[in-house]
Amino acid sequence: MHVHILGICGTFMGSLALLARELGHTVSGSDAGVYPPMSTQLEEAGIALCEGYAPANLEPRPDLVVIGNALSRGNPEVEAVLDLGLPYVSGPQWLAEQVLPGRRVIAVAGTHGKTTTASLVAWLLESAGLAPGFLIGGVPRNFGVSARLGAPDAPFVVEADEYDTAFFDKRSKFVHYRPEIAILGNLEFDHADIFEDLAAIERQFHHLVRTVPGRGRLLVADGEPALERVLALGAWTPTVRFGEAAESPWRLELEREDASRFRVIHQEGNVDEDAVVDWPLTGAYNARNALAALAAAHACGVDLARGAAALSRFETPRRRQELRGEVAGIQVIDDFAHHPTAIAATLAGLRAATARGRLLAVIEPRSNTMRLGTLRERLAESVACADLAFWYQPPGLDWSLEPVMAASPVPARLEQALEALVAALVAEARPYDRIVVMSNGGFGGIHDKLLAALKEAHGE
């Protein structure tokens, strides 16, 4: 079968392309404004990519078109699909129908941390020899690909996004997956372009809860009021909480301030066990992600001690605290953080792990929620753990970052040109500094440009 994917360079749709290829289909796709790591992954997989959207991309005529949620009516290729009467489905529907039947599905949901947590679950299952399948909204470096089928009888881990499914299906993606185990890691307002308020997102999360069978398991973070409101709407599945609360069956105790070492305590029924995790990641939020992953893997039969040991070999997914390079003792780190909570958590984790030098935060407000300015009042405080903040005013942002800079709790600078931003960073940075670039997009290739400029400035 020839499967053509519209929006193929999105992290979800590109992952579908890999699965379709692994199933033996001929795969092609269209997208615009592509950037790594997904474009690179598709190229390495030998999947044909059409740059831009046009009716001509549908020749030769595909047997099925999978349409991403970034595509809307009025797109020339979408209009051609409809006019030609080609069979089409959404990405989540295709996954649910072609990959997930008969699999034990583990879905990872939450406003933040889905990619890392899903990568952690997959790695724990892999380390235990279970050969899981997975679809993750990033590239886990322990695997080198964002999706694979895995063993036919193995669990399948899916990053469960609450964003809408397609222009013809406005439900959240995760209602398609029918998981047996669902991790609910956190919940706050985001995606202001499609949700009116937090209550609207809570309703979608409850739709997910409704799909988990009674023989399954809900792993729910403690201390999350929005998740408690979701459960109050009704839950028909055993619910197990994780976090720091003394009454939670899965809890952690930090043994280092930067959370690079912590103890996991599991007390559930007749089970009373603990294990110490000593790993390369930092930040209490990552420790919570690991706790959730250990609980999910344990439900699949992975011994806690074995899982804790495996975490020492875990590598963060691409674009999650990823060290892109170091020049003259100056590190350039890439992170996907694009929400005030995520920005603050990322910087807090890096601050705790920074014994020498300064932390320079570089932020592009690029997500749809940021472009709408919905959470702009929280942006200034999100950089409190940095020593300096560099804000980038991207083209198309209809509100000014000047008030954010003015309210900054740390020295801040605003730039509207990428070249000027790079120059300002090179002029400011000194040995032992860590430059943390945060955006959910390609950011104009700033990481490579910055590294090149630093090399030129320092004669390397």
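From a predicted model like this one, the values you see are computed outputs, not experimental measurements. (Residues numbered from 1 in each chain as written. Predicted model: local features only at pLDDT ≥ 70, side-chain atom pairs only at ≥ 80, totals over all residues. Heavy atoms only, no water.)

**Q** Go over the sheet that holds strand β2 (residues 26-31), please, and point to the residues and values.
**A** Pairing between the strands of a sheet comes from backbone hydrogen bonds, and it takes one of two forms, parallel or antiparallel. Ordered by their spatial adjacency, five strands build an open sheet running β3-β2-β1-β4-β5, and the pairing between neighbours is parallel. Of all the strands in the sheet, the pair left with one neighbour each is β3 (48-51) and β5 (88-90). Adjacent strand axes in the sheet meet at a mean angle of 25°, parallel and antiparallel pairs treated alike. Those strands touched by helix α1 (residues 11-22) are β1 (2-6), β2 and β4 (64-67), and its axis lies near 175° from that of β1. Contacts from helix α3 (residues 76-84) reach β1, β2, β4 and β5, with the element oriented near 140° to β1. (Pairing = 2+ DSSP bridges. Helix = DSSP H or I, 4+ residues; strand = E, 2+ residues; numbered from the N terminus. Axes fitted to C-alpha atoms, helices over the stretch in contact; angles between N-to-C directions. Contact = heavy atoms within 4.5 Å.)

**Q** Hey, could you go over the sheet that holds strand β18 (residues 322-327) for me, with residue numbers and the actual values?
**A** Ordered by their spatial adjacency, six strands build an open sheet running β18-β19-β23-β20-β21-β22, and the pairing between neighbours is mixed. Lying at the two open borders of the sheet, with one neighbouring strand each, are β18 and β22 (412-415). Averaged over all adjacent pairs, the angle separating strand axes in this sheet is 20°, with direction ignored. Relative to strand β19 (residues 330-335), β18 runs antiparallel, the two sharing five bridges. Across the sheet, residue Gly325 finds its bridge partner in β19, namely Val332. Its contacts with the sheet place helix α10 (residues 340-352) against β19, β20 (359-363) and β23 (434-438), and it is angled at close to 165° to β23. Its contacts with the sheet put helix α15 (residues 446-457) on β18, β19, β20 and β23, and the angle it makes with β18 is roughly 15°.

**Q** Talk me through the packing of helix α6 (residues 198-211) against helix α7 (residues 225-232); I want residue IDs and the actual numbers.
**A** One way to put it is that α6 packs onto α7 with a least axis distance of 9 Å and a crossing angle of 55°. Relative to α7, the element α6 is oriented oblique. Considering only the axes of α6 and α7, their crossing is right-handed. Residue-level contacts link Leu198, Glu202, Phe205, His206 and Val209 of α6 to Ala226, Leu227, Arg229 and Val230 of α7. Of the residues that constitute the contact of α6 with α7, the class distribution is six nonpolar, one polar and two charged. (Parallel < 35°, antiparallel > 145°, perpendicular 65-115°, else oblique. Left-handed = near helix turned anticlockwise from the far one by under 90°. Nonpolar A, V, L, I, M, F, W, Y, C, P; charged D, E, K, R; others polar.)

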